[in-house]
Every structure is written in structure tokens, then in C-alpha cells.
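The residues making up each chain are set out below.
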Amino acid sequence: MSVHRDDRRLTAPDILARKGGVPIAMLTSYHAHTARLADQHCDSILVGDSLGMVMHGLETTVPVTLDMMILQGLAVMRGSKRALVVVDMPFGSYEASKEQAFHAAARILKETGCGAIKLEGGVRMAETIRFLVERGIPVMGHVGLTPQSINTLGSFRAQGRDPADWAPIEADARAVAEAGAFSVVLEAIAEPLAAKITKDVPIPTIGIGASATCDGQVLVLEDMLGLSPRVPKFVKRYADLGPSIERAVAAYAEEVRSRTFPGPENVYPVKKAP
Ligand code: KIV
């Protein structure tokens, strides 16, 4: 179901207003062509720093740079018209100080034209989120599993599977909301905890490996299309495009070698006989 009311682009306040309403559909995109497809059905497109793994074959999101995010954010803005485009702040571009965060976020907004940024961290980032929001930068928070902290976490493990660990995760989500974020991603959080946070915080929660009760969901496009070689348990594959692409590539290579491609329909004859 598409919930776009008109042709204007959705804004952060539009997404905030969806708390407790029709669930928010969000997907990642890093390219103009996939952005055009996502834009027709989704409320929001995330230019996630997962592009480091998906586009560049990196092991983690840690090496992703601000310039990489801006380049792909620009492509997604060109390819989309109606969805709110949210661009991730990459590791190292915002944690040192709120001023550093402002300069990086302002570059993203000015150079891509996107409508919001996303950053990872709860209580520890609350002051920064408030600073950005007060200066006109809409912020989407991200708590639970925060992949940019992989080097301190040690592994990409689901969070809050023991109720004894719930309190700091709940405090993170509350801190992000109180600091003025317009929504928050809950990544890889035990289902009942994600449901509880969704009930308790006044801003939309966007789940990824969280709960169907969240106010919205996000997935990495290439994961749900079956293009990623390894995916976490929380990914549902809505298509299996890998084998189709491989068959097409094999057929192309075979036809090149047998000189059946290009065929007469793919070449330009002269208009008059020589
Ligand atoms: O980078 C990304 O794709 C993300 C999602 C996993 C939420 O942050």
C-alpha cells in the first residue's frame, strides 16, 4: 500500500506524525535506479553506511567516509521524488564533538539535498542529537545493535535477549526521543523489548530485526532481493535475484563467444547501400 498523499516529498515531521499510525515502509538504496523503484512504494529511503559492505565489499561499516555517503546520497536524491531520504553519518564523522557532528551533518544536507541524517548511539549521543535538532537538522536515532561499534562489541549479536540487559537499551531509546529525534531505528533487539520501547517512546520506532509492532520497518534492499551472500536471521528474502542475474551474465558471455550477440536488431545498418 502506498500512503503518499500527494507529489511533494515527505519530511521528518510527516514521519514523526505517523507514530502509532500506518506503518512506515523504509528500504536502503545507494543508487538512482533502485531509489526510483523504492520511491514508488516506500515512505523513506535510507542511504545506509551498509553501502560499505554492499557496494564496496568491506567487512564492516567502520571505513566508510563522509564523501562516500554524500556521493551516494546525491544519486538517491536524483532517483527519488517523494520518499524522505535519510543519509547515515559514517563512523568518525560525528562522535568527537557536537560541533564536528554539525559540520558533517550540514555538509550532508547541503551537498545532497536530503531531508534528514541518521546516527548511531543513545544516551552517549543525546547531547549531540539535541544540538543538531536545535540547529535545523532532523535526526533519526539508531539504538540496539550499532554496527559502527563492532570493534568494542566484538560481534554482530542481537541485544536484550536477557531481560537483565533491557534497562540501558530502553534508556538509549528514551534519550534519543527526549533529545528531539523524529524517529529511531531499533536494530537486532529481542522482540518483547522492541515492543515495549515502541509503546513507551513518543517517536516512531523503525525495526530491523526487532518487532512487527514497531511503527515501521527497514531492510537493506540487496539483502531482501537475495543479492547478499550472507544475511542475518531477521532478513526475509522477497526475491532471489542472484541466480537470475548469473543466468543472464552466463548467456551474454556465451553469445559474445559464439558471435550471436549482437544480432541484426542490435546493430546500426547504413541508411543507403554503400
Ligand atoms: O546502514 C544501514 O543500512 C542501516 C540499517 C541496517 C538500519 O543502518
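Just so it is clear, the model here is predicted, and its values are computed rather than measured.

About the thresholds
- Residues numbered from 1 in each chain as written.
- Predicted model: local features only at pLDDT ≥ 70, side-chain atom pairs only at ≥ 80, totals over all residues.
- Heavy atoms only, no water.
- Near = heavy atom within 4 Å.
- Polar contact = N/O pair within 3.5 Å; in protein donor to acceptor, adjacent residues only side chain to side chain.
- Areas by Shrake-Rupley, 256 points an atom, 1.4 Å probe, with all protein chains shown as cover.
- Nonpolar A, V, L, I, M, F, W, Y, C, P; charged D, E, K, R; others polar.
- Pairing = 2+ DSSP bridges.
- Helix = DSSP H or I, 4+ residues; strand = E, 2+ residues; numbered from the N terminus.
- Axes fitted to C-alpha atoms, helices over the stretch in contact; angles between N-to-C directions.
- Contact = heavy atoms within 4.5 Å.
- Buried < 20%, exposed > 50% of the residue type's maximum accessible area, 1.4 Å probe, protein only.
- Right-handed = clockwise from strand over helix to strand, strands pointing away.
- Salt bridge = Lys/Arg side-chain N within 4 Å of Asp/Glu carboxyl O.

> Any chance you could explain the site of the ligand here in plain terms?
Taken together, Thr-28, Leu-46, Gly-48, Asp-49, Ser-50, Asp-88, Lys-118, His-142, Glu-187, Ile-208 and Val-220 make up all the residues around the ligand. One nitrogen or oxygen atom from the side chain of Ser-50 is found 2.5 Å from an oxygen atom belonging to the ligand. For the ligand, whose accessible area on its own is 260 Å², the fraction buried by protein is 95%. A class-by-class count of the residues in the shell around the ligand yields 3 nonpolar, 4 polar and 4 charged.

> What am I meant to see in the sheet that holds strand E3 (residues 84–88) here?
Within a sheet, adjacent strands bond to each other through the backbone by hydrogen bonds, running parallel or antiparallel. Around the barrel, 8 strands lie side by side as E1-E2-E3-E4-E5-E6-E7-E8; this closed barrel has parallel pairing. Neighbour to neighbour, the strand axes of the sheet diverge by 25° on average, direction disregarded. Two strands pair when backbone bridges link them, and strand E7 (residues 205–208) and strand E8 (residues 216–219) are joined in this way by 2 bridges, in the parallel orientation. Counted as the bridge partner of Gly-207 is Gln-217 from E8. Across the face of the sheet, helix H5 (residues 98–112) comes into contact with E3 and strand E4 (116–118) while running at roughly 135° to E4. Running at roughly 175° to strand E5 (residues 139–144), helix H8 (residues 166–178) makes contact with E5 and strand E6 (183–187) of the sheet.

> Can you walk me through the pairing of strand E2 (residues 44–47) in this structure?
Note on strand geometry: in a regular strand, side chains alternate between the two faces of the sheet. Burial along E2 is two-sided: the face carrying Ser-44 and Leu-46 and the face carrying Ile-45 and Val-47 are both buried. Here strand E1 (residues 24–28) pairs with E2 via 3 bridges, running parallel. Considered in E2, the bridge of Leu-27 is made with Ile-45. In this fold, the crossover linking E1 to E2 by way of helix H2 (residues 32–39) has right-handed handedness. In this sheet, E3 lies alongside E2 in parallel orientation, the contact comprising 4 bridges. The residue bridging Leu-46 from the neighbouring strand is Val-86, located in E3.

> Help me understand the pattern of salt bridges, please; the structure alone is not making it clear to me.
If the charged atoms of two oppositely charged side chains come close together, the side chains can form a pair. According to the stated counting rule, one finds 10 salt bridges in the structure shown. Across the pair Arg-8 and Asp-14 runs a salt bridge, and its minimum N-O distance is 2.9 Å. Residue Asp-14 is classed as buried on the basis of its relative accessible area, which comes to 16%. One salt bridge connects Arg-107 with Glu-111, and the closest N-O pair in it is separated by 2.8 Å. Of this pair, Arg-107 and Glu-111 both sit in helix H5, 4 residues apart, which is roughly one turn of the helix. Taking the relative accessible area as the measure of exposure, Arg-107 reaches 31% and is therefore partly exposed.

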